[in-house]
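Summary of structural features
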Amino acid sequence: MADKTRTGVLHRVTDGLLKKSKASYCATDGETFRWHKSDSPSSPVYGQTKIKDIFSVGKRHEDDGRTHTEFVITCRDGAHEFRADTMESMRQWIEALRPPPKPMVDGMPETVCGWLEVDKTMRFVEIRRASLALFKTQEDSDPCGAIMLDSLCAIVPPKVTLTPVGDRRKTVSGRGFVFQLYTARQQHALMAKSMAEVNRWVGAIQDTIESCPELTTKFEKYLTRYQSADIKQLELHLREHAILCYTDEPLEMPLTPMPYFPIGKVRSGNSYGYPHLEAMEIFNTMLPKSSTRYGSVHETHQWIQNLLQVYLEIPLLRNEIFCQAMKQVTRIPLANSDLRLAHWQLLAALCLHFIPAPKYLAYLRTLLHYSVANPDNPDIVKGAANYCLRMMQKEHQVPGIDSEGLRAIFDYSALTTEDTAKAVLDTTQEAETDA
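So, a few notes on the structure that sits alongside this text. (Residues numbered from 1 in each chain as written. Predicted model: local features only at pLDDT ≥ 70, side-chain atom pairs only at ≥ 80, totals over all residues. Heavy atoms only, no water.)

Points about the nonpolar core
Which entries qualify depends on this criterion: Here the nonpolar core consists of buried residues drawn from Ala, Val, Leu, Ile, Met, Phe, Trp, Tyr and Cys, with membership extended through side-chain atoms lying within 4.5 Å. Three exposure classes are used, based on accessible area relative to the maximum for each residue type with a 1.4 Å probe and protein chains only: buried under 20%, partly exposed in between, and exposed over 50%. Helical segments are the DSSP runs of H or I of at least four residues, strand segments are the runs of E of at least two, and each set is numbered from the N terminus. Should any heavy atoms of two residues lie within 4.5 Å, those residues are considered in contact.
With 73 residues, the main nonpolar core has Leu347, Leu350, Leu364 and Leu368 as its most contacted residues. In terms of residues, this core owes the most to one element, helix 9 (residues 338-353), which gives ten residues. Not counting chain neighbours up to four residues away, the residues in contact with Leu347 comprise Phe322, Ala325, Met326, Val329, Leu364, Leu368 and Cys388. Counting residues in each nonpolar core, the second largest holds 27 residues, with Cys153, Ala192, Val198 and Val202 among its members.

Describing the packing of aromatic side chains
Quick note on the threshold: Between rings of Phe, Tyr and Trp, where Trp is taken as its six-membered ring, a pair exists when centres lie within 6.5 Å; planes separated by under 30 degrees are stacked, by over 60 edge-to-face, and by other angles tilted. Charge over a ring is defined by NZ of Lys or CZ of Arg lying within 6 Å of the ring centre and within 35 degrees of the ring normal.
In the structure shown here, the tally under the stated rule is eleven aromatic pairs. For the ring pair Trp35 and Phe82, a centre distance of 5.6 Å and an interplane angle of 75 degrees mean the geometry is edge-to-face. Separated by 47 residues along the polypeptide, Trp35 in strand 3 (residues 32-36) and Phe82 in strand 7 (residues 78-83) bring together distant segments of the chain. Looking at Trp35, the relative accessible area reads 5%, which means it is buried. Classification of Phe82 by relative accessible area gives buried; the value is 0%. Centroid distance Tyr182 to Tyr274: 6.5 Å. Interplanar angle 70 degrees. Geometry classified as edge-to-face. Of the two residues, Tyr182 sits in strand 15 (residues 177-182) while Tyr274 sits in the loop between strand 18 (271-272) and helix 6 (275-284), which places them 92 residues apart along the sequence. An aromatic cluster of three or more residues is present, and its members are Phe33, Trp35, Phe71, Phe82 and Trp93. Against the face of Tyr222 rests Lys221, its NZ or CZ located 5.5 Å from the ring centre.

Focus: the sheet that holds strand 12 (residues 131-135)
The criterion, for reference: Think of it this way: DSSP has to see at least two bridges between two strands before they count as a pair. Angular values range over 0 to 180 degrees, each being the angle between N-to-C directions of two axes fitted as lines to C-alpha atoms, with helices fitted over their stretch in contact.
Taken in spatial order, the seven strands line up as 13-12-11-10-16-15-14 in an open sheet, and their pairing is antiparallel. Two strands lie at the open edges of the sheet, namely strand 13 (145-148) and strand 14 (154-156), each paired on one side alone. Strand after strand, the sheet turns through a mean of 35 degrees between neighbouring axes, direction not considered.

Focus: the pattern of salt bridges
Here is the rule we go by: For this document, the term salt bridge refers to a Lys or Arg side-chain nitrogen within 4 Å of an Asp or Glu carboxyl oxygen.
The final tally for this structure, using the stated rule, is twelve salt bridges. For the salt bridge of Glu95 with Arg98, the shortest nitrogen-to-oxygen distance reads 3.5 Å. Note on Glu95: relative accessible area 36%, which makes it partly exposed. Its salt-bridge partner being Arg200, residue Glu197 comes within 2.7 Å of it at the nearest N-O pair. One end of the pair is Glu197 and the other is Arg200, both in helix 3 (residues 195-211) and three residues apart, which spans about a single turn. With a relative accessible area of 1%, Glu197 lands in the buried category. Taken together, the shared-partner salt bridges connect Glu214, Glu220 and Lys359 into one network.

As structure tokens, this is what we get:
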């Protein structure tokens, strides 16, 4: 076991950005850390804290190739910043003051609390079930506010860069490290004094988010409920639940659950906003006389290629695009219209390249068998459904766009070679999915 005793002179840093500091004699016996008013061990004790009451201790700055010897101790009464004379001395103090592991309850620390700046206001924060309770002081028993959490919330750490300090502080902050919490109601900026404290909070909040009940949508609920229905049952269900069927109206919300944080710029250089807004914009392209930056259903070839590109770049939207395509081929009026064929070409192109997550796969298979068996469907639709079933049997990866396969879909040759009177026997393994 490492020796936790240590004494020496540290510089106590105060006044935030002004960085005033004063030499202070510091000592720890492994149980208590105390700092004196001056660099003399005989001077009065200025402050102290039990080691077990320390929430976190860590470096004040991220590694950027420069010498930073400040470190921050975060405990119940706030954050205390000190500067050591050397990097090695800083590391030794951090190790000596590192608190013991907190007691665990159901796999999580018994209590996660401490001081954070929440939306530019200092608050004492405590995680309580599925929320962050906010207090004006640590002695308050009643919170002054709360941030509610659910399974779609997202916690995003601060951007760590290797740029000079002045530039780095534009993205991180001169007073601390800012990390973002995206919830259903709004985005919150949280700030901690050190990366060690950020890591403590990010881990604890992420654990809380993952322990929340999984949210679902009405479309997803019906889809999973009827995923094993036979053809006659599915026909009845489709008549009862219009949400599963074609519509020429915009969506009020995505068909599948969407996390709250923005996607941003991807490797290709394309930029995307919040997933739920992108999902509804994609659906608008599937409507008659509607067009967005993703194209229009009436410009079928380019539209399909655009959506395949989104599918490749944004994993968060993959199941949503599949579900939108399934919805728009279901009970669409005007069976021989170009619009209906365009939607079937999209679903065929998706099945050529990918398969959805397992919880959507069984319903897709049932829907395709239903489409083949439906006597009201023309042969081209039955052929498209059989093509999708056949593509679902192959192994899927996400390497890129199959241009040759797309051409065969666009000229309908891939959709007319199958015996449309008989559905393909589908042996797709549900566990093998890229989504």
